[in-house]
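Now for the letters of each chain:
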Amino acid sequence: MTPLLQVEDVAKFYGHRIGCTDVSFDLYPGEVMGIVGESGSGKSTLLNCLAGHLTPDRGAVRFDTRADGMRDTITMSEPERRMLSRTDWAFVHQHARDGLRMNVSAGGNVGERLMAVNARHYGDIRDKAIDWLGRVEITSDRIDDRPTQFSGGMQQRLQIARNLVTGPRLVFMDEPTGGLDVSVQARLLDLLRGLVREMNLSAIIVTHDLAVVRLLADRLMVMKDGHVIETGLTDQVLDDPQHAYTQLLVSSVLQV
Amino acid sequence: MTDYNFAYLDEQTKRMIRRAILKGLAIPGYQVPFASREMPMPYGWGTGGVQVSAAVLTPDDTFKVIDQGADDTTNAVSIRRFFQKTAGVKVTEATEEASVIQTRHRIPEQDLRDDQILVYQVPIPEPLRFLEPSEVETRKMHALEEYGLMHVKLYEDISQHGAIATAYAYPVKVEGRYVMDPSPIPKFDNPKLEMAGIQLFGAGREQRIYAIPPYTQVVSLDFDDYPFEASKADHACDLCGAEDSYLDELIVDDEGGRMFMCSDTDYCAGRRKQGHVGAQGVPYAEDAA
Ligand SMILES: Nc1ncnc2c1ncn2[C@@H]1O[C@H](COP(=O)(O)OP(=O)(O)O)[C@@H](O)[C@H]1O
Ligand SMILES: [Mg+2]
Ligand SMILES: [Zn+2]
């Protein structure tokens, strides 16, 4: 099987400081990769390099495009990369306000990606928006409300609907449950797990919360100081961590 | 007259503005940045349009200014006087006599010819602005033809009002490429954007010039199930009886009596001169007497 995403020796520096370095891995269709590590370990830097928000200083990020097969997304033209961003890729931000248009209704937020790929039938766009709001447990009577009128958990669910409505093949998520109350987190995780299974999503999820990856990720990468220090199947890494740092990380979560 | 250079601006500035105009004509609908100059009138009074007019006027031109279709508003009168004084050009209120027409908020009813230039005053040139405040981002959207956001605006309109409620500054796509703000003309005027005359748009505060060359395709954005409609009040002009012109509504007495009349005052007067009389109108000769 061809990987959906092939990451080869990616590095990003902020001046002399390491953002992330020596990162290589393959992601296969339908696979969910978790990236864990403490704050400042380089998770967001890596994710943003993969999603085209940051330009790495080194390495290749190859994506299996529909039209031309494997293409290095770093060297492709910006229009091509932006096209991927609004079709085959999705990005769920930690803060919903970074991923939503706060001055546009919920329906408009979900519909934007459809309109970006030339949907021009209002009735169809609205039907799809209602369907997707339902899938993230937002009732259709909220379709014309703005996200500012939503709770934090609802905003995050709206962001997910907005991202998934065009059926992306790869979803990037940066701390999707961060900043939410624990009970709200649990519900969101449940929802995400359902969607990942149902849509057979491929995803890369960055989090410092091991419970999130335990529930969602097939495989795990542990980062420290910009380096990947351990990788493996999620259960293996969490139940039998090899690296001393991972052992610390896992034990500290047990104490919580 | 000798106090000023012809049409107030110095020759170098006019050349700079003409270059922006030519670039605009070469790339229909594209917003060309230009170094807007201080004009002896406040922003919002059409300084963008005035600078464009100054750059295109020649001593042989005949100049007309309309504001909301009328030649006699304060704004129109002051701009007309300004060029009378600084350029010594002939001025007129008759659309067909004018070679350069500066306008705010309307396109004349009468079709323009290919030897006429229409100059628009533009307050906000960027049609994507209200949903995407970042200038860097909107420029990128134009460059990459990413116009989905424009339809989000129309979507919001329909979801809130049941129809596309945008009645002015209705966005258009020019020659299948750039999405453009036609300035706050009523959408009734949008079909007239495809014309024989040259159309130049000047935004002073925002320092942008853009253009539509003659006979350029201009399409108003819409949805398949909510097609664009160039609507106007369902009424005829009470003065001249015209059924095809854009109308202003006027309250005429304390009992709520209303009157509809052409917003294009020259068009209305022309029709009355030809003998047309509306429901509340009097024959032109009697009125003049
Ligand atoms: N824009 C930036 N400029 C300079 N240093 C940065 C910037 N963003 C992140 N860093 C640094 O890069 C390292 C990795 O940060 P980040 O990728 O945000 O980690 P994480 O997401 O795991 O918390 C940290 O040392 C951080 O301080
Ligand atoms: Mg982070
Ligand atoms: Zn009339």
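**Describing the overall build of chain B**
So, step 1. A count of helical and extended segments in chain B gives seven helices and twelve strands.
So, step 2. Compactness check: chain B gives a C-alpha radius of gyration of 20 Å against a globular reference of 19 Å for 289 residues, within 12% of the reference.
So, step 3. Along the longest, intermediate and shortest principal axes, the C-alpha atoms of chain B span 60 × 60 × 35 Å.
So, step 4. Counting over 289 residues, chain B shows a buried share of 55%.
So, step 5. Put simply, of all contacts in chain B between residues at least 6 apart along the chain, 61% involve residues at least 24 apart.
So, step 6. Accessible surface computed for chain B: about 12900 Å², of which carbon and sulfur atoms make up 49%.
So, step 7. Of note, chain B has its 29 positive side-chain charges centred 8 Å away from the centre of its 46 negative side-chain charges.

**Things to note about the overall build of chain A**
So, step 1. The helix and strand inventory of chain A stands at ten helices and ten strands.
So, step 2. Along the first, second and third principal axes, the C-alpha set of chain A runs to 55 × 45 × 35 Å.
So, step 3. Taken over 256 residues, chain A has a buried fraction of 53%.
So, step 4. Contacts in chain A between residues at least 24 apart in sequence constitute 66% of all its contacts with a sequence separation of at least 6.
So, step 5. Split by element, the accessible area of chain A, about 11100 Å² in all, is 47% carbon and sulfur.

**Some points on the site of ligand 1**
All names here are of chain A.
So, step 1. Taken together, Y14, R17, I18, G19, E38, S39, G40, S41, G42, K43, S44 and T45 are the residues near ligand 1.
So, step 2. Taking G40, its main chain carries an N or O atom lying 2.7 Å from an oxygen atom of ligand 1.
So, step 3. With the chains in place, 61% of the 560 Å² that ligand 1 exposes on its own is no longer accessible.
So, step 4. Contributions of two or more residues to the shell around ligand 1 are made by strand 2 (17-27) and helix 1 (43-50).
So, step 5. Split by residue class, the shell around ligand 1 holds two nonpolar, seven polar and three charged.

**Thoughts on the coordination of the zinc ion (ligand 3)**
Put simply, the ideal angle at a metal is 109.5 degrees for four donors in tetrahedral geometry and 90 or 180 degrees for six donors in octahedral geometry.
All names here are of chain B.
So, step 1. Donor atoms from the polypeptide that coordinate the zinc ion (ligand 3) comprise C237 (SG), C240 (SG), C262 (SG) and C268 (SG), at 2.2 to 2.3 Å from the metal.
So, step 2. If you list the donors of the zinc ion (ligand 3) from N- to C-terminus, the spacing comes out as C-x2-C-x21-C-x5-C. Just as C237 is buried, C240 falls in that class too.

Reading the values: rules and limits
Residues numbered from 1 in each chain as written. Chains lettered and ligands numbered in written order. Predicted model: local features only at pLDDT ≥ 70, side-chain atom pairs only at ≥ 80, totals over all residues. Heavy atoms only, no water. Helix = DSSP H or I, 4+ residues; strand = E, 2+ residues; numbered from the N terminus. Rg over C-alpha atoms; globule rule 2.2 N^0.38 Å. Buried < 20%, exposed > 50% of the residue type's maximum accessible area, 1.4 Å probe, protein only. Contact = heavy atoms within 4.5 Å. Areas by Shrake-Rupley, 256 points an atom, 1.4 Å probe, with all protein chains shown as cover. Lys, Arg positive; Asp, Glu negative; His and termini not counted. Charge placed at Lys NZ, Arg CZ, Asp CG, Glu CD. Near = heavy atom within 4 Å. Polar contact = N/O pair within 3.5 Å; in protein donor to acceptor, adjacent residues only side chain to side chain. Nonpolar A, V, L, I, M, F, W, Y, C, P; charged D, E, K, R; others polar. Donors = N, O, S within 2.8 Å, 3.2 Å for Na, K, Ca; no water.

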